[in-house]
Amino acid sequence: MSGPVAVVRPRRIAWVEGPDAAALLQGLLTADIEAIPVGSAVRSLVLTTRGHVVASMAVAREGDDAFTLVLDPPPAADGMEVISAHHVSEDAEVIGPEDAQVLVATDDLAGALEGTGDLMVPGQVPGTIEVMADDPAALAVARGIALSPDGALEALRIGRGAAAIGVDTGERTLVQEALLDDAVSFTKGCYLGQETVARLHYRGHPNRRLARIALDGPVPVGTAITGPGAVAAGEVTSVAEVADIGWVALAMVRREVPDGASVDAAGTAGRVLPAA
């Protein structure tokens, strides 16, 4: 098992405030924004009208009519562009985004960070939190938390099969392909791109999915993956050495390639792992 991870990472921060702030975000984001209690935060997505993933974010409700959005930095697209483009007549102010830094830490460090910083939200990587602070590194030192080596968070992300928007996804990636269903409410009303998401959820399945692939050694990003029968199965989008597993790649693989299947990455043997 890997130990605690704590790293400083860039983010983009934005705010949506005003009497119609909740209604504006409710109609655009995939999470049930109106159901967020004041003082709590959830993960959400913003999609295109056709249901393709644009951006991932944490949405914190800091008041009845005040929300803070913590968005991934480039190469992820700017989700605030979509929100601003659909902000027409609502009585709400959209502010930002601005560049910021956060302390990303695994959940086992949450107790040490409770009540610190300016804001704590669920992280982009499952099982992590993100704490906003003027100096995240100094915050870690003050709480007795050792910062992890470069690459530790990336290895954790890949090991847990979490998509990095703009890295493991493209302009036409669907929610279910990227395994981002947990950021979607299937009980709320309409939102941007809902029709595609709901149709796949209730009536169909994606033709490909983001998969973890255990490899016998490292391969470059962009390496082609072939499945049984030398059938083209996908392409490596992320790769890292992961504790207790070894080298692991993420790749969008075709549905016909099941968990447990043996695959080849330009001469390096691999095996498709089940979802984390």
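Just so it is clear, the structure is predicted and the values come from calculations on it, not from any experiment.

Criteria and thresholds
Residues numbered from 1 in each chain as written. Predicted model: local features only at pLDDT ≥ 70, side-chain atom pairs only at ≥ 80, totals over all residues. Heavy atoms only, no water. Helix = DSSP H or I, 4+ residues; strand = E, 2+ residues; numbered from the N terminus. Buried < 20%, exposed > 50% of the residue type's maximum accessible area, 1.4 Å probe, protein only. Contact = heavy atoms within 4.5 Å. Areas by Shrake-Rupley, 256 points an atom, 1.4 Å probe, with all protein chains shown as cover. Lys, Arg positive; Asp, Glu negative; His and termini not counted. Charge placed at Lys NZ, Arg CZ, Asp CG, Glu CD. Pairing = 2+ DSSP bridges. Axes fitted to C-alpha atoms, helices over the stretch in contact; angles between N-to-C directions. Phe/Tyr/Trp six-rings, centres within 6.5 Å; stacked < 30°, edge-to-face > 60°. Patch = residues over 30% accessible without salt bridge, like charges linked within 9 Å, V, L, I, M, F, W, Y side chains within 5 Å. Salt bridge = Lys/Arg side-chain N within 4 Å of Asp/Glu carboxyl O.

A. Spotlight on the overall build of the protein chain. Of the regular secondary structure elements, the protein chain holds six helices and 13 strands. Along the longest, intermediate and shortest principal axes, the C-alpha atoms of the protein chain span 60 × 50 × 25 Å. Classification of the 276 residues of the protein chain by burial places 51% in the buried group. Restricting the contact set of the protein chain to residue pairs at least 6 apart, pairs at least 24 apart contribute 66%. Summing over all exposed atoms, the protein chain offers an accessible surface of approximately 12500 Å²; the carbon and sulfur share of this is 51%. Side-chain charges of the protein chain comprise 19 positive and 37 negative groups, with the mean position of each set lying 10 Å from the other.

B. Structural detail: the sheet that holds strand β11 (residues 246-254). Pairing is antiparallel around the closed barrel formed by six strands, whose spatial order is β8-β11-β10-β9-β12-β13. On average, each strand axis in the sheet is inclined to that of its neighbour by 40°, with strand direction left out of account. Note that strand β12 (residues 262-265) and strand β13 (residues 268-273) share four bridges and pair antiparallel. When the sheet's bridge partners are listed, Val-263 is paired in β13 with Gly-270. Packing of helix α5 (residues 152-159) onto the sheet brings it into contact with β8 (208-215), β10 (232-242) and β11, and relative to β10 it is tilted by some 135°.

C. The pairing of β8, seen in detail. Counting buried positions along β8 gives seven out of eight residues, so the element sits mostly inside the fold. Here β8 runs beside β11; their pairing, made up of eight bridges, is antiparallel. Across the sheet, Arg-212 pairs through a bridge with Leu-250, a residue of β11. Direction of pairing for β8 relative to β13: antiparallel, over a ladder of four bridges.

D. Seen up close, the environment of Leu-24. Tracing the sequence through the fold places Leu-24 in helix α1 (residues 21-26). Classification of Leu-24 as buried rests on a relative accessible area of 3%. A sequence separation of 28 residues divides Leu-24 from His-52, and the C-alpha atoms of the two residues are 19 Å apart. Apart from the residues within four sequence positions on either side, Leu-24 is in contact with Val-16, Ile-83, His-86, His-87, Glu-90, Ala-92 and Val-94.

E. View of α5. Of all eight residues that make up α5, seven are buried, and the element is covered over most of its length. Those residues of α5 that sit buried are Ala-152, Leu-153, Ala-155, Leu-156, Arg-157, Ile-158 and Gly-159. As for α5, its buried residues are in contact with β1 (6-17), β5 (93-106), β7 (128-132), β8, β10 and β11. Gly-161 occupies a position one or two residues after α5 and carries a positive phi of about 70°.

F. Main features of the environment of Arg-271. Within the secondary structure, Arg-271 is located in strand β13. Sequence spacing of Arg-271 and Thr-173 is 98 residues, and the spatial spacing of their C-alpha atoms is 23 Å. With sequence-adjacent residues up to four places away left out, Arg-271 is seen in contact with Arg-212, Ile-213, Ala-214, Gly-260, Ala-261 and Val-263.

G. Geometry of the sheet that holds β7. Taken together, seven strands build an open sheet; the order of strands is β2-β3-β4-β1-β5-β7-β6 and the sheet is antiparallel. Only two strands of the sheet have a single neighbouring strand rather than two, namely β2 (41-47) and β6 (119-122). The sheet shows a mean angle of 35° between the axes of neighbouring strands, taken without regard to direction. For β5 and β7, the ladder comprises five bridges, and the chain directions are antiparallel. Of the residues in β7, the one forming a bridge with Val-104 is Glu-130.

H. Structural detail: the packing of aromatic side chains. According to the stated counting rule, one finds one aromatic pair in the structure shown. Between Phe-186 and Tyr-202, the aromatic rings sit 6.4 Å apart at their centres with planes inclined by 85°, giving edge-to-face as the arrangement. Of this pair, Phe-186 sits in the loop between α5 and α6 (194-203) while Tyr-202 sits in helix α6, and the two are 16 residues apart along the sequence. Judged by relative accessible area, Phe-186 falls into the partly exposed class, the value being 25%.

I. Fine view of a negative patch on the surface. Together, Glu-17, Glu-62, Glu-93, Asp-118, Asp-134 and Asp-135 line one region of the surface with negative charge. Considering the arrangement of structural elements, one finds Asp-134 in the loop between β7 and α4 (136-142). For Asp-134, a relative accessible area of 81% gives the class exposed.

J. Spatial organisation of the pattern of salt bridges. Considering all chains together, one arrives at eight salt bridges under this definition. The salt bridge involving Arg-11 is made with Asp-72; its shortest N-O contact spans 4.0 Å. Here Asp-72 lies in the loop between β4 (66-71) and α2 (79-85) and Arg-11 lies in strand β1, a separation of 61 residues in the sequence. Judged by its relative accessible area of 7%, Asp-72 is buried. Glu-256 serves as the salt-bridge partner of Arg-254, at 3.2 Å between the closest nitrogen and oxygen. A single salt-bridge network, built from bridges that share partners, covers Arg-11, Asp-72 and Glu-130.

As far as function goes, none of this settles anything; it's purely spatial.
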